[in-house]
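# Coordinate inspection notes
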Amino acid sequence: MAHKQWFWQTKNTGDVTISKEGIPVHIAIIMDGNGRWAKKRALPRIAGHNEGMKTVREITRSASQLGVKVLTLYAFSTENWKRPKLEVDFLMKLPEEFLSTFLPELIEENVRVEMIGDIEQLPKHTQRAVQNAMEQTADNDGLILNFALNYGSRTELVQAIRAVVKDVKDGALSEQEITDATISRYLMTSHLPEPDLLIRTSGEHRLSNFMLWQLAYTEFFFTDVLWPDFSEKHLIEAIASYQKRSRRFGGLS
Ligand code: IPE
Ligand code: IPE
Ligand code: MG
């Protein structure tokens, strides 16, 4: 059924076919390799982050056009505060930079901006930019562009456990009611489906404290491509790979 397929001509891999029916609902991306991209060009690391921002725009647009419902982008981890102040300061300016340029386009494309992570610890100017984007796009019902900003999965789980304990103590929750589904409801992603596809760029094969609970049955796609070089073509390749997988969830196919 030709009308249910998209054909993509790619330079290096030839034709890639993906089906419109099998588009992952939620794609999560660990955007990695900005620093190495810059180093290869003898540029400062921040030049890589700046370039990576352009990739965010392109991939958001592609995901939206492909009909992806949720795109979660790991932008800053709870461990990234360990980096030099200059780099952290630059990374904290990026959301403003990105949103001041692309917010009109996101609104136009019916994208809803959201975030997971501890917003309170971010500099006020970063909080304002993110808050403003979330408010301005709150009524949009297209792609959810979910930034993981100052996000760490262990911190998220600790917060969830504390909240569960409090509710049990207060009598709002019984011990028997603590199930898989209950835990999911206490996470920052409570309103979102779990990721179907996780992509990590730059050749690193680890989670770096990203969505430890939510990725239990997610399909993983690792690529050596550095985030600033990642393009729609690579996204399509990842989706094509995803569509070839058999997801059994512990059962039989
Ligand atoms: C990813 O690129 C962006 C962030 C983690 C904020 P990196 O800055 O980690 O780039 P590499 O891994 O050093 O190349
Ligand atoms: C993971 O990348 C965090 C983000 C992409 C925001 P890192 O570059 O921080 O991860 P490690 O240190 O290589 O594990
Ligand atoms: Mg890195």
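So, here's what we can say about the structure. (Residues numbered from 1 in each chain as written. Chains lettered and ligands numbered in written order. Predicted model: local features only at pLDDT ≥ 70, side-chain atom pairs only at ≥ 80, totals over all residues. Heavy atoms only, no water.)

### What about unusual backbone geometry?
The residue Asn150 is not glycine, and still its phi comes out positive at about 55°. Residues other than glycine seldom take positive phi values, yet Met211 does so here, at roughly 45°.

### So, the site of ligand 2
In plain terms, the rule: Any residue with at least one heavy atom within 4 Å of a molecule or strand is counted as near it. As used in this structure description, the phrase polar contact means that two N or O atoms lie within 3.5 Å; if the pair is within protein, one of them must be able to donate a hydrogen and the other to accept it, and residues adjacent in sequence are counted only when both atoms belong to side chains. Under the convention used here, a 1.4 Å probe and the Shrake-Rupley method define accessible areas, while residue burial counts only the protein chains that appear. Cavity: a set of points on a 1 Å grid over the protein atoms alone where a 1.4 Å probe fits but cannot get out. Pocket: an open set with protein on both sides within 12 Å along at least five of seven lines, its lining residues, like those of a cavity, having an atom within 4 Å of a point. Cavities and pockets are treated as containing a molecule whenever more than half of the molecule's atoms lie within 2 Å of their grid points. Only DSSP runs of H or I reaching four residues or more are called helices, and only runs of E reaching two or more are called strands; each is numbered from the N terminus. Each residue receives one of three labels: charged for Asp, Glu, Lys and Arg, nonpolar for Ala, Val, Leu, Ile, Met, Phe, Trp, Tyr, Cys and Pro, and polar for the others, Gly being one of them.
If you check the shell around ligand 2, you find Ile30, Met31, Asp32, Tyr74, Ala75, Phe76, Ser77, Asn80, Arg83, Arg200, Arg206 and Ser208 and nothing else. Asp32 has a polar side-chain atom sitting 3.2 Å from an oxygen atom of ligand 2. Contact between ligand 2 and Arg200: an oxygen atom at 3.3 Å from a side-chain N or O atom of the residue. If ligand 2 stood free it would expose 390 Å²; the protein chains cover 78% of that surface. More than half of the atoms of ligand 2 fall within 2 Å of the grid points belonging to the largest pocket. At four residues, strand 4 (residues 70-77) tops the list of elements feeding residues into the shell around ligand 2. Split into classes, the residues belonging to the shell around ligand 2 amount to five nonpolar, three polar and four charged.

### Quick look at the layout of surface pockets
Note the following rule: Grid points are joined across faces, edges and corners, and a volume is the space filled by probe spheres set on the points.
Taken as a whole, the largest pocket encloses approximately 790 Å³ of empty space. Taken together, 33 residues make up the lining of the largest pocket; nearest its centre are Met31, Tyr74, Ala75, Phe76 and Asn80. At the level of secondary structure, the elements contributing two or more residues to the lining of the largest pocket comprise helix 1 (34-40), helix 2 (45-66), strand 4, helix 3 (85-108) and strand 6 (144-151). Across the lining of the largest pocket, the residue classes tally to 16 nonpolar, eight polar and nine charged.

### Considering the sheet that holds strand 3 (residues 26-30)
Threshold: Strands are treated as partners if at least two bridges between them are detected by DSSP. Axis definition: a line fitted to C-alpha atoms, over the contacting stretch in the case of helices. Angles run 0 to 180 degrees between N-to-C directions. Any pair of residues with heavy atoms lying within 4.5 Å of one another is described as a contacting pair.
If you trace the six strands from one edge of the open sheet to the other, you get 5-6-4-3-7-8, paired in parallel fashion. Edge positions in the sheet fall to strand 5 (112-116) and strand 8 (219-222), since each has one partner strand and no second. Neighbour-to-neighbour, the strand axes of this sheet turn through a mean angle of 20°, independent of strand direction. Both strand 3 and strand 4 contribute to a ladder of five bridges, which runs parallel. Each residue of the ladder has a partner; that of His26, found in strand 4, is Val70. Helix 7 (residues 232-243) contacts strand 3, strand 7 (197-200) and strand 8 of the sheet and is inclined by roughly 135° relative to strand 7.

### A closer look at the site of ligand 1
Close to ligand 1 lie 13 residues; Asp32, Gly35, Arg36, Arg45 and Arg83 are nearest. Within the backbone of Asn34, a nitrogen or oxygen atom sits 3.1 Å from an oxygen atom of ligand 1. Contact distances for ligand 1 include 2.9 Å between an oxygen atom and a backbone N or O atom of Gly35. For ligand 1, whose accessible area on its own is 380 Å², the fraction buried by protein is 86%. Placement of ligand 1 is best described as lying within the largest pocket.

### Quick word on the pattern of salt bridges
This is how the line gets drawn: Salt bridge, as used here, is a side-chain nitrogen of Lys or Arg placed within 4 Å of a carboxyl oxygen of Asp or Glu. Only protein chains enter the accessibility calculation, which uses a 1.4 Å probe. A residue is then buried if its area is under 20% of the maximum for its type, exposed if over 50%, and partly exposed in between.
Following the criterion strictly, the structure yields 16 salt bridges and no others. Across the salt bridge formed by Asp196 and Arg247, the nearest N and O atoms sit 3.0 Å from each other. With Asp196 in the loop between helix 6 (180-185) and strand 7 and Arg247 in the segment after helix 7, this pair connects stretches of sequence that are 51 residues apart. With a relative accessible area of 14%, Asp196 lands in the buried category. What makes Arg247 partly exposed here is its relative accessible area of 26%. A salt bridge links Glu204 to Arg206, with the shortest nitrogen-to-oxygen separation between them at 3.4 Å.

Treat this as a map of the structure, not an account of what it does.
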